[in-house]
Amino acid sequence: GGATSGPTAEITAVMQSANTVVVTWQTANATRATLNGSPLNAASGTASFWVNGTITFTLVATDADGVAVTRSATVP
């Protein structure tokens, strides 16, 4: 028995050039994940974004029981 562990999430954001940031995320034990509110269709992956100024990327992973974890990464 024993409860299963909740979801885990990791996110990194690295500036690739003056206006491009590469965001990498990884989740486990999650049935749903969102990045800044947009659904992600993969448990892990990488995406590039055009940025202008400081921005925070927020990853939320939710498991089947509705338990959610939030991780953020901010780039200047």
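The coordinates are above.
Quick summary incoming for the structure in this document. Everything quoted here is computed from the prediction, not taken from an experiment.

**Some points on the sheet that holds strand β5 (residues 44-50)**
Strand pairing within a sheet occurs via backbone hydrogen bonds; the two strands may be parallel or antiparallel.
Link 1 in the chain: Strand order in the open sheet formed by 3 strands is β1-β2-β5, with antiparallel pairing between adjacent strands. Every interior strand has two partners, whereas the edge strands, β1 (8-15) and β5, have only one. Neighbouring strand axes in the sheet, compared pairwise and without regard to direction, differ in orientation by 15 degrees on average.
Link 2 in the chain: Of the strand pairs in this sheet, β1 and strand β2 (residues 20-28) are connected by 8 bridges, and their pairing is antiparallel. Paired with V14 across the bridge in β2 is V22.

**With respect to the side chain of T27**
Link 1 in the chain: Positionally, T27 belongs in strand β2.
Link 2 in the chain: The contacts of T27, once residues within four sequence positions are left out, are T8, A9, A33, A43, L59 and A61.

**Some thoughts on the nonpolar core**
Link 1 in the chain: I11, A13, V21, V23 and F57 are the most contacted members of the largest nonpolar core, which has 16 residues in total.
Link 2 in the chain: Elements that contribute at least two residues to this core include exactly β1, β2, β3 (32-35), β6 (55-62) and β7 (68-75).

**Here's the deal with the packing of aromatic side chains**
Any aromatic ring pair is given by two values, namely how distant the centres are and how the planes are angled relative to each other.
Link 1 in the chain: Overall, the coordinates contain 1 aromatic pair when judged by the stated rule.
Link 2 in the chain: Between the aromatic rings of F49 and F57, the centroid separation amounts to 5.2 Å while the plane-to-plane angle is 40 degrees, which identifies the pairing as tilted.

**Things to note about the environment of A68**
Link 1 in the chain: Structurally, A68 is set in strand β7.
Link 2 in the chain: A68 gets classed as partly exposed once you look at its relative accessible area, which sits at 45%.
Link 3 in the chain: Taking C-alpha positions, A68 is 8.6 Å from T8, a pair spaced 60 residues apart along the chain.
Link 4 in the chain: Each residue touching A68, except ones within four places of it in the same chain, is listed here: P7, V60, A61 and T62.

Scoring rules and cut-offs
- Residues numbered from 1 in each chain as written.
- Predicted model: local features only at pLDDT ≥ 70, side-chain atom pairs only at ≥ 80, totals over all residues.
- Heavy atoms only, no water.
- Pairing = 2+ DSSP bridges.
- Helix = DSSP H or I, 4+ residues; strand = E, 2+ residues; numbered from the N terminus.
- Axes fitted to C-alpha atoms, helices over the stretch in contact; angles between N-to-C directions.
- Contact = heavy atoms within 4.5 Å.
- Core = buried A, V, L, I, M, F, W, Y, C linked by side-chain atoms within 4.5 Å.
- Buried < 20%, exposed > 50% of the residue type's maximum accessible area, 1.4 Å probe, protein only.
- Phe/Tyr/Trp six-rings, centres within 6.5 Å; stacked < 30°, edge-to-face > 60°.

Just distances and angles here, no functional claims.
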